[in-house]
There are 2 protein chains.
Amino acid sequence: MIEDKNKQRTQLSDLGEFGLIDHLTKNFEIKQSSTVKGIGDDAAVLDFKKNKIVVTTDLLVEGVHFDLSYMPLKHLGYKAVVVNLSDVYAMNANATQITVSIGVSNRFPLEALEDLYAGIMTASKVYNIDVVGGDTTSSNTGLLISVTAIGEVEEDNEVYRNGAKPNDLLVVTGDLGGAYLGLQVLEREKEVYKVNPNNQPDLEPYSYVVERQLKPEARKDVVKLLKNLDVKPTSMIDVSDGLSSEIIHICKQSKVGCDLYENKIPLDPQVISACEEFNIDSTTVALNGGEDYELLFTISQKDFPKIKANPSLSVIGYIREPQDGIHLVTRAETKIPIQAQGWKNFNA
Amino acid sequence: MIEDKNKQRTQLSDLGEFGLIDHLTKNFEIKQSSTVKGIGDDAAVLDFKKNKIVVTTDLLVEGVHFDLSYMPLKHLGYKAVVVNLSDVYAMNANATQITVSIGVSNRFPLEALEDLYAGIMTASKVYNIDVVGGDTTSSNTGLLISVTAIGEVEEDNEVYRNGAKPNDLLVVTGDLGGAYLGLQVLEREKEVYKVNPNNQPDLEPYSYVVERQLKPEARKDVVKLLKNLDVKPTSMIDVSDGLSSEIIHICKQSKVGCDLYENKIPLDPQVISACEEFNIDSTTVALNGGEDYELLFTISQKDFPKIKANPSLSVIGYIREPQDGIHLVTRAETKIPIQAQGWKNFNA
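Please read these numbers as outputs of a predicted model, since none were measured by experiment.

Rules behind the numbers
- Residues numbered from 1 in each chain as written.
- Chains lettered and ligands numbered in written order.
- Predicted model: local features only at pLDDT ≥ 70, side-chain atom pairs only at ≥ 80, totals over all residues.
- Heavy atoms only, no water.
- Pairing = 2+ DSSP bridges.
- Helix = DSSP H or I, 4+ residues; strand = E, 2+ residues; numbered from the N terminus.
- Axes fitted to C-alpha atoms, helices over the stretch in contact; angles between N-to-C directions.
- Domains from an automatic or database assignment.
- Contact = heavy atoms within 4.5 Å.
- Buried area = accessible area lost by both parts, 1.4 Å probe.
- Polar contact = N/O pair within 3.5 Å; in protein donor to acceptor, adjacent residues only side chain to side chain.
- Nonpolar A, V, L, I, M, F, W, Y, C, P; charged D, E, K, R; others polar.
- UniProt positions renumbered as here; feature names shortened; annotations may be inferred.
- Phe/Tyr/Trp six-rings, centres within 6.5 Å; stacked < 30°, edge-to-face > 60°.
- Buried < 20%, exposed > 50% of the residue type's maximum accessible area, 1.4 Å probe, protein only.
- Salt bridge = Lys/Arg side-chain N within 4 Å of Asp/Glu carboxyl O.

Student: Got a sec to walk through the sheet that holds strand β8 (residues 235-238) of chain A? Specific residues and values, please.
Tutor: Across a sheet, paired strands are connected by hydrogen bonds in the backbone, their directions being either parallel or antiparallel. Residues and elements named next belong to chain A. Taken in spatial order, the seven strands make up an open sheet running β8-β10-β7-β11-β9-β12-β13, and their pairing is mixed. A strand with exactly one partner marks an edge of an open sheet, and here the two such strands are β8 and β13 (335-337). Averaged over all pairs of adjacent strands, the angle between their axes in this sheet comes to 25 degrees, without regard to strand direction. As defined by bridge partners, strand β9 (residues 257-261) adjoins strand β11 (residues 313-320) across four bridges and the pair is classed as antiparallel. If you follow Asp259 over to β11, its bridge partner there is Tyr318.

Structure follows, in structure tokens:
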């Protein structure tokens, strides 16, 4: 939408694969002591001493997970890293390294990949992780990004999805639904732009929700906070697909039920006003919107005093016996079963 | 070419993302003691005790790295794993886990993905590795496969590309050029098939080279052999892009020169006869063909007695001072500088 059409274009074929990798990765510095050898050999070599390792991976496909007409490449690079780190933090682990593979068609000049890698580098600095490997290849059509993130966790500190117990409290960080509404705003502006390309969108009233969509952050701070508070969650997951989907994952894997209280779901004022403007229900958005990358976890009730004063943590529910089922307790005090939504890419 | 057009087709949208992952991965068993938690959480958890970890990743794109008109999906799944394991073995490490991400368009039914995963599972059994994570998503066009492989290596046993010293011997495993010739045979048969779809190709005379292309193996056995022989290479790389490219990598990173002896390059008789048939030079094929997934390494001369009797190891060259340059010594005893070729995807 605000693309500079006169940008310099360097053909990727001028560099070749090895030249391209060298060019794009030459500014990546090693920051983690566990990185023995980064980019430049058949594989990276890592040394975690006695700690356990966590590994997670994501594949992002143009036209499915992102739309370059409103997603700047630098933001895309940043987000591709963040969504993977979020999975590492959801294990109560510290993210340390990533590998990044890119598939790219000839329609992208070198400068576009430089923007993408600038975003990757910014994320690696903000989150203090090393880029230790990757692959760069051509693709017939769009842009593909595959990121694998690695982290470390001290003995017995990892948190799975399957440890929630009846009477535990359900806690979520930050607020929900913003990323989904940001996407709605961007999609609407794209339609306006199609009709009148001279129209400059005013995204100012939507700055928070648009940023939640374009430049999400992973809750590294929460992992640190929980450690400082001496709270080890009984289960944890990141909110990538939407609150309902994540609650169901925790309940199914922990073999428990849950009551989620509608009036406790944290919403930013901008989310509430945008919901009114788009005429959609804010609870539906929080439950099914996804891409918030907050952490959802359960704690033993004895730990409640440790977390209750914290403004970035909201107790939103209560873990129950498995036969009680998984329900939303509405503001009208009625109980509605929660059903999974999540990504439905294959229906596209 | 020999596809059954009446195969059962289950739409991926019937399963949804979570259902698809569960379905495809339900038969993967944990075999490695270092796998604490595999598929099913935000990330896998691994425990390597005091060993170092190696990590490598590859992205394979339909139409760039493989052609489904002659590459059966089961073979593709197998090969996608093997090419990554090859990078782990090239570090003198033992491969232990992989993650597999798949991007797939709606033209693929579930049964196609089952074939792909059958190949992945076969490879995981043959190489005794665990599939510990991944991502399954839709793609707008073709099939995408991103594999990340993880391995472990005992303290100080890892081998980099940068340790070759003048007077070291250059050694390669197996034989070279087969995979490239297999591709030539398959491309030729594809053209024949386009003209006459009823023509059944007779691939029997080319069985070895076609298998080298469709079902390559990684040299796990060589890592074990070197350990048994008590030989630690001074440098090592896998032959994925072609011998010339790999020699240049070792020489540049080790800051040495090299003489490669043309008459020492190991060639299978079928490679020699196919080269005659296609009227191409076998040395060119060995130097630039790629995809052989053999290991190329250097050893100190004092280790020569330990390896000389082994039929799967060929001494093909001699490491020289950097100012001597990198040369092929031809059968006619002339010296020709070796230049990198490797993949040239971006010229496509």
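Student: Explain the domain arrangement of chain A to me, and be specific about the residues and the numbers.
Tutor: Residue and element names in this part refer to chain A. Splitting chain A by domain gives domain 1 (12-153) and domain 2 (169-342). Between domain 1 and domain 2, the C-alpha centre-to-centre distance is 26 Å. Counting residues at the interface gives 20 residues for domain 1, matched by 20 residues for domain 2. Of the roughly 1900 Å² buried between domain 1 and domain 2, counting both surfaces, carbon and sulfur atoms make up 59%. At the surface where domain 1 touches domain 2, the tally comes to ten residue pairs in polar contact (both at pLDDT 80 or more). Here the side of domain 1 that touches domain 2 is built from residues that sort into eleven nonpolar, six polar and three charged.

Student: Which residues make up the UniProt feature "binding site: substrate" (unreviewed entry) in chain A, and what are the values?
Tutor: Using the residue numbers shown here, the UniProt feature "binding site: substrate" (unreviewed entry) corresponds to A:His65, A:Glu291 and A:Trp343. Relative to the assigned elements, A:His65 resides in the loop between β3 (52-61) and α2 (73-89).

Student: Account for the packing of aromatic side chains, with residues named and values stated.
Tutor: Evaluated as defined, the whole model comprises four aromatic pairs over all chains. When the ring of B:Tyr78 is compared with that of B:Tyr127, the centres are 6.5 Å apart and the planes differ by 55 degrees; the resulting orientation is tilted. With B:Tyr78 in helix α2 (residues 73-89) and B:Tyr127 in the loop between α3 (110-126) and β5 (130-138), the pair connects residues that are 49 residues apart, well separated along the chain. Taken as a pair, B:Tyr78 and B:Tyr127 share a single burial class, namely buried. Ring pairs connect the aromatic residues A:Tyr78, A:Tyr89 and A:Tyr127, which therefore count as one cluster.

Student: Any chance you could break down the UniProt feature "binding site: ATP" (unreviewed entry) in chain A for me, citing the residues and the numbers?
Tutor: Residue and element names in this part refer to chain A. In this structure's numbering, the residues bearing the UniProt feature "binding site: ATP" (unreviewed entry) are Tyr117, Gly134, Asp135, Arg161 and Ser240. Look at the named residues: they lie 124 residues apart in sequence, and the longest C-alpha span between them is 32.4 Å, so in the fold they stay spread out. Mapped onto the fold, Asp135 is located in strand β5 (residues 130-138). Judged by relative accessible area, Asp135 falls into the buried class, the value being 8%. Of note, Ser240 is situated in the loop between β8 and α7 (243-254).

Student: Now, about the sheet that holds strand β13 (residues 335-337) of chain B: what can you tell me, with residues and values included?
Tutor: Residue and element names in this part refer to chain B. With respect to topology, seven strands assemble into an open sheet ordered β8-β10-β7-β11-β9-β12-β13, the strand pairing being mixed. Single-partner strands in this sheet number two, and they are β8 (235-238) and β13. Ignoring which end each strand starts from, the neighbouring axes of this sheet average 25 degrees apart. With four bridges joining them, strand β7 (residues 169-173) and strand β10 (residues 295-299) adopt antiparallel strand pairing. For Val172, the partnering residue across the bridge sits in β10 and is Leu296. Where α2 meets the sheet, it contacts β8 and β10, and its direction lies at approximately 175 degrees from that of β8. This element, helix α7 (residues 243-254), spans β7, β8, β9 (257-261), β10, β11 (313-320) and β12 (326-329) of the sheet and lies at about 150 degrees to β8.

Student: Explain the interface of chain A and chain B to me, and be specific about the residues and the numbers.
Tutor: Interfaces are often sized by the accessible area lost when the parts come together. On the side of chain B, 70 residues touch chain A, which itself brings 70 residues to the contact. Between chain A and chain B, a total of about 5600 Å² is buried, with carbon and sulfur atoms accounting for 55% of that surface. The tally of links between chain A and chain B comes to four salt bridges. Linking chain A with chain B are 22 residue pairs in polar contact (both at pLDDT 80 or more). Of the residues assigned to the side of chain A that touches chain B, the class counts are 27 nonpolar, 26 polar and 17 charged. With three bridges joining them, strand β2 (residues 44-46) of chain A and strand β3 (residues 52-61) of chain B adopt antiparallel strand pairing. Bridging from a neighbouring strand, A:Leu46 pairs with B:Ile53 of β3(B).

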